[in-house]
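Secondary and tertiary structure notes
Spelled out, the chains give:
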Amino acid sequence: MGSFIEINDVSRLYYQGDNEIKALDHVSVNITKGEFVALMGPSGSGKTTLLNIIAGIDKQTSGRVTVDGRELGAMTEAELTTWRTRGMGYVFQFYNLIPVLTGYENVELPLLMLPMSKAERHDHVMAALEAVGIVEYSTHFPRQLSGGQEQRIAIARAIVTDATILVADEPTGNLDAESEIEIMELLKELNKNHDKTIIMVTHDASAAAYADRTTKLEKGRLTN
Ligand SMILES: Nc1ncnc2c1ncn2[C@@H]1O[C@H](COP(=O)(O)OP(=O)(O)O)[C@@H](O)[C@H]1O
Ligand SMILES: [Mg+2]
């Protein structure tokens with residue numbers, strides 16, 4: 001099978017005054033459909049930058065990123081917006097739920113950007129909540145949930161548009177050991193049984209062990 005996500009000689013430079021920061025320095029990596037890849041590396045090595053470029057919320061300075069045969073850099077703003085809302089889901093370390101919305105409403109949020117009836121939205125939200133095993137908490141507000149439950153809601157929000165790619169930036173970085181195992185087992189299940197291609201940043205070898213392979217960044221360069 002050919003590559004699903006192709007990162008081809010990608011560099012991302014940031015400038016602070018006269019100072020040039022190479023957040024990514026000629027990075028090439030291919031990910032096949034259905035793969036679960038862990039991305040490790042010290043703080044500041046470019047991991048979040050790489051996720052953001054794949055997610056279409058940052059742009060490389062040079063190089064090419066192709067997803068499912070489509071080059072992100074060649075997309076119009078409208079196409080990129082569609083990519084961000086339908087193509088991929090983003091899971092964050094601190095969940096990033098809206099505190100004044102219930103679990104259900106947080107999960108529904110991305111669907112409000114799509115042409116969908118309320119009934120269709122309801123079906124999608126319930127399917128996502130079921131997939132992450134947290135239907136009973138749909139009427140709770142984030143402050144009424146544990147970290148692991150908040151992350152489940154956030155994962156439901158990431159899959160609710162049926163995106164095939166999940167990017168996760170230290171999804172267990174704020175969780176206790178028990179919740180970490182639950183969230184990792186959930187991600188693995190979404191990978192195996194719901195065909196999600198997953199790219200997950202982690203500092204934790206036990207989380208990385210759930211992935212099919214681990215790739216390492218150091219100072220903006222892949223080291224393996
Ligand atoms: N918006 C930005 N402006 C300037 N420098 C940035 C910006 N975003 C990231 N960087 C720098 O790029 C490098 C990589 O950052 P990042 O991708 O966040 O690393 P990681 O996620 O591995 O900790 C760091 O040196 C960081 O300070
Ligand atoms: Mg980071």
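Residues numbered from 1 in each chain as written. Chains lettered and ligands numbered in written order. Predicted model: local features only at pLDDT ≥ 70, side-chain atom pairs only at ≥ 80, totals over all residues. Heavy atoms only, no water.

**With respect to the site of ligand 1**
Ligand 1 sits among Tyr 14, Gln 16, Ile 21, Ala 23, Pro 42, Ser 43, Gly 44, Ser 45, Gly 46, Lys 47, Thr 48 and Thr 49. Here an oxygen atom of ligand 1 and a side-chain polar atom of Lys 47 are 2.7 Å apart. A distance of 2.5 Å separates an oxygen atom of ligand 1 from a polar atom in the side chain of Thr 49. Computed on the free molecule, ligand 1 has an accessible area of 560 Å², of which 62% lies beneath the protein chains in the complex. The set of elements that each furnish at least two residues to the shell around ligand 1 consists of β1 (3-16), β2 (19-32) and α1 (47-54). It is α1 that provides the largest number of residues to the shell around ligand 1, a total of 3 residues. (Near = heavy atom within 4 Å. Polar contact = N/O pair within 3.5 Å; in protein donor to acceptor, adjacent residues only side chain to side chain. Areas by Shrake-Rupley, 256 points an atom, 1.4 Å probe, with all protein chains shown as cover. Helix = DSSP H or I, 4+ residues; strand = E, 2+ residues; numbered from the N terminus.)

**What to know about helix α5 (residues 147-159)**
Its 13 residues give α5 an end-to-end C-alpha distance of 19 Å, which sits within 8% of 18 Å, the value for a rise of 1.5 Å per residue. Within α5, 12 of the 13 residues are buried, which leaves the element mostly enclosed by the surrounding structure. The set of residues buried in α5 consists of Gly 148, Gln 149, Glu 150, Gln 151, Arg 152, Ile 153, Ala 154, Ile 155, Ala 156, Arg 157, Ala 158 and Ile 159. Where the residues of α5 are buried, they touch β6 (88-91), α3 (103-108), α4 (118-131), β7 (165-169) and α6 (177-193). (Expected span 1.5 Å × (residues − 1). Buried < 20%, exposed > 50% of the residue type's maximum accessible area, 1.4 Å probe, protein only. Contact = heavy atoms within 4.5 Å.)

**Let's talk about the packing of α5 against α6**
Axis separation between α5 and α6 bottoms out at 10 Å; the angle between their running directions is 20 degrees. Considering the angle they form, α5 stands roughly parallel to α6. The chirality of how α5 crosses α6 is right-handed. Counted together, Gly 148, Gln 151, Arg 152, Ile 155 and Ile 159 of α5 and Ser 179, Glu 182, Ile 183, Leu 186, Leu 187 and Leu 190 of α6 form the full contact between these two elements. Each residue belonging to the contact of α5 with α6 can be placed in one class, and the counts come to 6 nonpolar, 3 polar and 2 charged. (Axes fitted to C-alpha atoms, helices over the stretch in contact; angles between N-to-C directions. Parallel < 35°, antiparallel > 145°, perpendicular 65-115°, else oblique. Left-handed = near helix turned anticlockwise from the far one by under 90°. Nonpolar A, V, L, I, M, F, W, Y, C, P; charged D, E, K, R; others polar.)

**Concerning the nonpolar core**
Judged by nonpolar contacts, the single largest core of 39 residues is most densely connected at Val 107, Leu 129, Ile 155, Leu 187 and Met 200. Here this core gets 6 residues from one element, more than from any other, and that element is α5. Excluding anything up to four places from it in sequence, Val 107 contacts Val 125, Ala 128, Leu 129, Ile 153, Ala 156, Arg 157 and Val 160. Ranked by size, the runner-up nonpolar core spans 28 residues in total, among them Ile 5, Val 10, Val 29 and Met 75. (Core = buried A, V, L, I, M, F, W, Y, C linked by side-chain atoms within 4.5 Å.)

**Here's the deal with the packing of aromatic side chains**
One pair of aromatic rings is described through two measures. These are the centre distance and the angle between the planes. Under the counting rule described, the total for this entry stands at 1 aromatic pair. Judged by centre distance (4.5 Å) and plane angle (5 degrees), the rings of Tyr 90 and Phe 92 are stacked. Of the residues examined, Phe 92 reaches a relative accessible area of 26% and is grouped as partly exposed. (Phe/Tyr/Trp six-rings, centres within 6.5 Å; stacked < 30°, edge-to-face > 60°.)

**Some words on unusual backbone geometry**
One non-glycine residue, Asp 9, lies in the positive phi region at around 55 degrees. Among the structural elements, Asp 9 can be located in strand β1. With a phi close to 50 degrees, Lys 219 is a non-glycine residue in the positive phi region. By the secondary structure assignment, Lys 219 is in the loop between β9 (213-218) and β10 (221-222).

**With respect to the pairing of strand β4 (residues 62-67)**
With 5 bridges connecting them, β1 and β4 associate as antiparallel partners. Bridging across to β4, Ser 11 finds its partner in Ser 62. Two strands pair when backbone bridges link them, and β4 and strand β5 (residues 70-71) are joined in this way by 2 bridges, in the antiparallel orientation. The residue of β5 that forms the bridge with Thr 66 is Glu 71. Counting the residues in the hairpin turn of β4 and β5 gives 2 residues, including Asp 68, whose phi is positive at 50 degrees. (Pairing = 2+ DSSP bridges.)

**A few points about the pattern of salt bridges**
As enumerated under the stated definition, the model contains 9 salt bridges in all. Glu 77 is the salt-bridge partner of Lys 59, the closest N and O atoms lying 3.9 Å from each other. Placement of Lys 59 in the loop between α1 and β4 and of Glu 77 in helix α2 (residues 77-87) is noted, with a sequence separation of 18 residues between them. The residue Arg 121 makes a salt bridge to Glu 108 at a minimum N-O spacing of 2.9 Å. You can see Arg 121 sitting in helix α4 and its partner Glu 108 sitting in helix α3, a full 13 residues away along the chain. Each member of the pair Arg 121 and Glu 108 is classed as buried. Several salt bridges share partner residues, and in doing so they unite Lys 59, Glu 77 and Arg 84 into one network. (Salt bridge = Lys/Arg side-chain N within 4 Å of Asp/Glu carboxyl O.)

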